[in-house]
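The primary structure of each chain is shown beneath.
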Amino acid sequence: MSLPDPTPTEATLSVRPFQNADAPAVARLVTAGMRGHWTYTVEQFRESADPGRVRLVAVNGDEVVATLHLSPFGSAASDALRPDLAGDPTTFTALYLAALARLPNGFSRLLGVTREDWPETMGFFHAAGSRNAWQSWGAHLDLTRFDPAPFAALEERLFLAGYEVERLGENAPEGDWAALHALHTLGIENAPRHPTTTPDPLTLAELREMVVREEVAFVVRLRGEIVASTRLTPQGREVEIEHTVTARDHRGRGLATVLGAHALGWASEEGYARASTGGAVLNLPMLRVNSRLGYVPEAMWVTWERRL
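Small disclaimer: the values here were computed from a predicted structure and weren't measured.

S.K.: Where do I start with the nonpolar core in this structure?
M.R.: Generally speaking, nonpolar side chains in soluble globular proteins are found buried as a group. Grouped together as the largest cluster of nonpolar side chains are 34 residues, with contacts concentrated most on L143, V220, L232, V239, L264, A275 and Y295. Taken together, the elements giving at least two residues each to this core come down to β6 (131-142), α5 (152-160), β7 (163-167), β8 (216-222), β9 (225-235), β10 (238-246), α8 (255-269) and α9 (284-293). What L264 contacts, discounting residues up to four positions off in sequence, is L141, L143, F146, I241, A275, L293 and Y295. Listed in part, the 22 residues of the second largest apolar core include L56, L81, L95 and Y96.

Here it is in structure tokens:
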């Protein structure tokens, strides 16, 4: 493994475990590192006794200038730890080496996630001996300019064939929730995914609770039977659209496109300004659907893997 050479700045730094008093600085550094994608608060950073997590800070004098968080990646890669770095990139080597000396037991690899246009972390993971293992795409759409009219003819043809789009209500019958859960399970089984884009499988009860509590679901029916679905998560003035699935026997007819147009039209009418979506680069069918809908792709997210 070849790491960047220490700089004079690095040599004067100290690396130590995170303390609660560091929370304001760490929240600021991590938020800055996300380039506006997510905002972090002081309350999200607290000392932890969990042996599976390591949080370190690099300190120059009295100033916290960088941070590293090492945590279990999750059920999609239960054997992996995720290193997240933020702050002064000249300190990343010192933080990383200190974290390697504190590795929890039971893990066989590291999976770091960053964007291809973030040179400080892209360069570091490459220099630290990780491989560019998987890529994900993200895209956004300006809902203030979205026009569903171009999709009306397709929706009419599908309607004449018996397909109808509607929003799934909170009081939908049990059979509808079972059908939605079956599509959720099918999507996890079928869609090309990797550790970063694999959602946790939900039970029927968990799915229903999530939709009722924080999501909006749209479905396509054929003579009453649900054969396609998509789910939206409102966040401020934005909506995140994901989990679009079509039953096997109904694919290739444009259901996902019409479903997406219907959902985006609803979001626009409700006053949301922006829609976002994403997935694995290998999921070409959804890439084509979102291109037709007018999504603008962003720089790719890259998952770096290093075996321990």
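S.K.: Would you explain the pattern of salt bridges in this entry?
M.R.: A pair can form between side chains of opposite charge whenever their charged atoms are brought close. With the rule as written, the count across this model stands at 19 salt bridges. Among the ionic pairs, R115 bridges to E298, the shortest N-O distance being 3.5 Å. Separated by 183 residues along the polypeptide, R115 in strand β5 (residues 109-115) and E298 in the loop between β12 (296-297) and β13 (301-307) bring together distant segments of the chain. Relative accessible area serves as the criterion here: at 23%, E298 is assigned to the partly exposed category. E214 is the partner of R213 in a salt bridge, and the nearest nitrogen-oxygen pair spans 2.9 Å. Each of D79, R109, R131, E305 and R307 takes part in one network of salt bridges that share partners.

S.K.: What should I look at first to understand the pairing of strand β3 (residues 63-72) in this one?
M.R.: Along a regular strand, successive side chains alternate from one face of the sheet to the other. For β3, the tally of buried residues reaches eight of ten residues, placing the bulk of the element in the interior. Two strands pair when backbone bridges link them, and strand β2 (residues 54-60) and β3 are joined in this way by seven bridges, in the antiparallel orientation. In the sheet register, N60 faces β3, and the bridge partner there is E63. The loop that links β2 with its antiparallel partner β3 comprises two residues; one of these, G61, has a positive phi angle of about 70°. Both β3 and strand β4 (residues 80-87) contribute to a ladder of seven bridges, which runs antiparallel.

S.K.: Got a minute to help me understand the packing of aromatic side chains in this structure?
M.R.: Between two aromatic rings, the relevant description is the distance of the centres plus the angle of the planes. This model, assessed by the stated rule, comprises nine aromatic pairs. Relative to W301, the ring of W38 lies with its centre 5.8 Å away and its plane at 55°, an arrangement referred to as tilted. With W38 in the loop between α2 (23-33) and β2 and W301 in strand β13, this residue pair connects regions lying 263 residues apart in the sequence. Given the relative accessible area of 44%, W38 is considered partly exposed. Note on W301: relative accessible area 15%, which makes it buried. The interplanar angle of 85° and the centroid separation of 5.9 Å between the aromatic rings of F92 and F124 together place this pair among those described as edge-to-face. Here F92 is found in helix α3 (residues 92-100), whereas its partner F124 is found in helix α4 (residues 119-127), with 32 residues between them in sequence. According to the relative accessible area criterion, F92 is buried, its value standing at 1%. Classification of F124 by relative accessible area gives buried; the value is 4%. Aromatic ring contacts, followed pair by pair, group F92, Y96, F124 and F125 into a single cluster.

Reading guide: rules and limits
Residues numbered from 1 in each chain as written. Predicted model: local features only at pLDDT ≥ 70, side-chain atom pairs only at ≥ 80, totals over all residues. Heavy atoms only, no water. Core = buried A, V, L, I, M, F, W, Y, C linked by side-chain atoms within 4.5 Å. Buried < 20%, exposed > 50% of the residue type's maximum accessible area, 1.4 Å probe, protein only. Helix = DSSP H or I, 4+ residues; strand = E, 2+ residues; numbered from the N terminus. Contact = heavy atoms within 4.5 Å. Salt bridge = Lys/Arg side-chain N within 4 Å of Asp/Glu carboxyl O. Pairing = 2+ DSSP bridges. Phe/Tyr/Trp six-rings, centres within 6.5 Å; stacked < 30°, edge-to-face > 60°.

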